[in-house]
Amino acid sequence: MSIFKNGIFIKSVDKMENRPEKYLNEVLFVGKSNVGKSTLINLLVNNKKLAYTSSKPGHTKLLNYYLINNSFYFVDCPGYGFSSKKGKDYIEYGKIVEDYFNNNKNLKLIVFLLDSRHEPTEDDVDFFNFINNYNYEHIIVMTKCDKLNQSERARILKNLTNKLGDIDDIDVINVSQNDRNSIENLSLLISTFVGEKNGTR
């Protein structure tokens, strides 16, 4: 049974001065476009309709706030690595992300999503390095693991180390929408950072 039973969309934000008035702990979901951020949020709260998903990359343009269990927020960040307007979109993306990361006392965890079927791209590496410039807790979630065979699953950590360097002190979680246990394990880990049910970390 899901720990996160209640999920409500609150608002979309284009700048931090417009964030929800009620300040609560936040879990930020980041990753390249179409990696599965919105899908993962829906799986965590067991509600397919909470966060809008699209087969087209670049659908999420704003920071979307979802109130979870009436006690903290999931924040769905726009995806990087895809731009229909090229330079303009990248500039706007950089502004909203840097604004969000700057002295955000409510940010308790960054969930960094990567596609398990491929090695991290240059954009993935750049964003990972960007995260590491800030003193925020973060974990790596490998999505779409249902599409991998056993040998491909074994290569995940090697691929990460080759591209991202030393990740020994970072939690790496493999998830699949067809494996509810993997979603529940991720829920338990997230709960330790926001103080849900299993205490604070």
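As a reminder, the structure under discussion sits directly above these lines.
The text that follows walks through the structure, step by step, so that each part is easy to find. Model, not experiment: these values are computed from the prediction.

### Quick look at the pairing of strand S4 (residues 72-76)
- Among the 5 residues of S4, 5 are classified as buried, and the element is accordingly described as predominantly covered.
- For strand S2 (residues 25-31) and S4, the ladder comprises 5 bridges, and the chain directions are parallel. Opposite Asn25, over in S4, you have Phe72 as the bridge partner.
- Sheet topology places strand S3 (residues 63-68) next to S4; 5 bridges connect them, and they run antiparallel. Counterpart to Tyr65 in the pairing with S4 is Val75.
- Hairpin geometry of S3 and S4 is characterised by an intervening segment of 3 residues between the two adjacent antiparallel strands and by a positive phi of about 55 degrees at Asn69.

### A look at the packing of aromatic side chains
- By the definition in use, this model includes 16 aromatic pairs.
- Consider the rings of Phe101 and Tyr136, whose centres lie 5.8 Å apart with planes at 75 degrees: the pair is edge-to-face. Within this pair, whereas Phe101 is found in helix H2 (residues 87-101), its partner Tyr136 is found in the loop between helix H3 (122-132) and strand S6 (138-143), the two being separated by 35 residues in sequence. One exposure class covers both Phe101 and Tyr136, and it is buried.
- Ring geometry for Phe112 and Phe127: centres 6.2 Å apart, planes at 25 degrees, overall stacked. Taken together, the positions of Phe112 in strand S5 (residues 107-115) and Phe127 in helix H3 put the pair 15 residues apart, joining distant regions of the chain.
- Classification of Phe112 by relative accessible area gives buried; the value is 0%.

### A few points about the pattern of salt bridges
- Summed over the entire model, instances satisfying the criterion amount to 5 salt bridges.
- Across the salt bridge formed by Asp115 and Arg117, the nearest N and O atoms sit 2.8 Å from each other.
- When its relative accessible area of 8% is taken as the criterion, Asp115 is described as buried.
- Counted as one network, the salt bridges with shared partners bring together Asp115, Arg117 and Lys144.

### A short note on a negative patch on the surface
- Where like charges cluster on the molecular surface, the negative patch consists of Asp14, Glu17, Glu98 and Asp99.
- Among the secondary structure elements, Asp99 is positioned in helix H2.
- Looking at Asp99, the relative accessible area reads 33%, which means it is partly exposed.

### Quick notes on the sheet that holds S3
- The sheet built from 7 strands is open, its strands ordered S1-S3-S4-S2-S5-S6-S7 with mixed pairing. Two strands in the sheet have a free side with no partner beyond their single neighbour: strand S1 (7-13) and strand S7 (172-174). Looking at each pair of strands side by side, their axes are set apart by 25 degrees on average, direction ignored.
- The pairing of S2 with S5 spans 6 bridges and is parallel. Its bridge partner lying in S5, Val27 is registered against Leu109.
- Helix H5 (residues 156-164) contacts S5, S6 and S7 of the sheet and is inclined by roughly 130 degrees relative to S6.
- Along the sheet face, helix H6 (residues 180-194) touches S2, S4, S5, S6 and S7 and points at about 150 degrees away from the line of S5.

### A word on the packing of helix H1 (residues 37-45) against H6
- With their axes 9 Å apart at the nearest point, H1 and H6 run at an angle of 85 degrees to one another. Considering their axes alone, H1 and H6 lie roughly perpendicular with respect to each other. Of H6, the residues touching H1 (which contributes Leu40, Leu43 and Leu44) are Arg180, Ile183, Leu186, Ser187 and Ile190.
- Per-class residue counts for the contact of H1 with H6 are 6 nonpolar, 1 polar and 1 charged.

Conventions used here
Along each chain, numbering runs from 1 in the same order as the chain's sequence is written. Only residues with pLDDT of at least 70 are given local features in this predicted model, and only at 80 or more are side-chain atom pairs given and counted; all residues enter the totals for whole chains, interfaces and linings. Here the side-chain values reflect all heavy atoms present in the structure, with hydrogen atoms and water set aside. Each residue's exposure class comes from its accessible area (1.4 Å probe, protein chains only) as a fraction of the maximum for that residue type: buried when under 20%, exposed when over 50%, partly exposed otherwise. In this text, helices come from DSSP runs of H or I with a minimum length of four residues, and strands from runs of E with a minimum of two, each type numbered from the N-terminal end. In this scheme, strands are said to pair when DSSP sees at least two bridges between them. In this analysis, rings of Phe, Tyr and Trp, with Trp reduced to its six-membered ring, are considered paired at centre separations within 6.5 Å, and the interplanar angle assigns stacked below 30 degrees, edge-to-face beyond 60, and tilted for intermediate values. Salt bridges are defined as contacts in which a side-chain nitrogen from Lys or Arg sits within 4 Å of a carboxyl oxygen from Asp or Glu. What makes a patch is a set of residues exposed beyond 30% relative accessible area and free of salt bridges, joined within 9 Å when like-charged and within 5 Å when nonpolar (Val, Leu, Ile, Met, Phe, Trp, Tyr). Accessible areas in this description were obtained via Shrake-Rupley with a 1.4 Å probe; residue shielding takes into account the shown protein chains only. Asp and Glu count as negative and Lys and Arg as positive, but His and the ends of the chain are not part of the count. To locate a charge, take NZ of a lysine, CZ of an arginine, CG of an aspartate or CD of a glutamate. Simply put, an axis is a line fit to the C-alpha atoms, just over the touching stretch for a helix, and the angle between two N-to-C directions goes from 0 to 180 degrees. Residue contacts follow a heavy-atom distance rule, with two residues in contact if any of their heavy atoms lie within 4.5 Å. Working definition: roughly parallel below 35 degrees, roughly antiparallel above 145 degrees, roughly perpendicular at 65 to 115 degrees, and oblique for all remaining angles. Each residue receives one of three labels: charged for Asp, Glu, Lys and Arg, nonpolar for Ala, Val, Leu, Ile, Met, Phe, Trp, Tyr, Cys and Pro, and polar for the others, Gly being one of them.

Everything listed is a geometric property; what it means functionally is a separate question.
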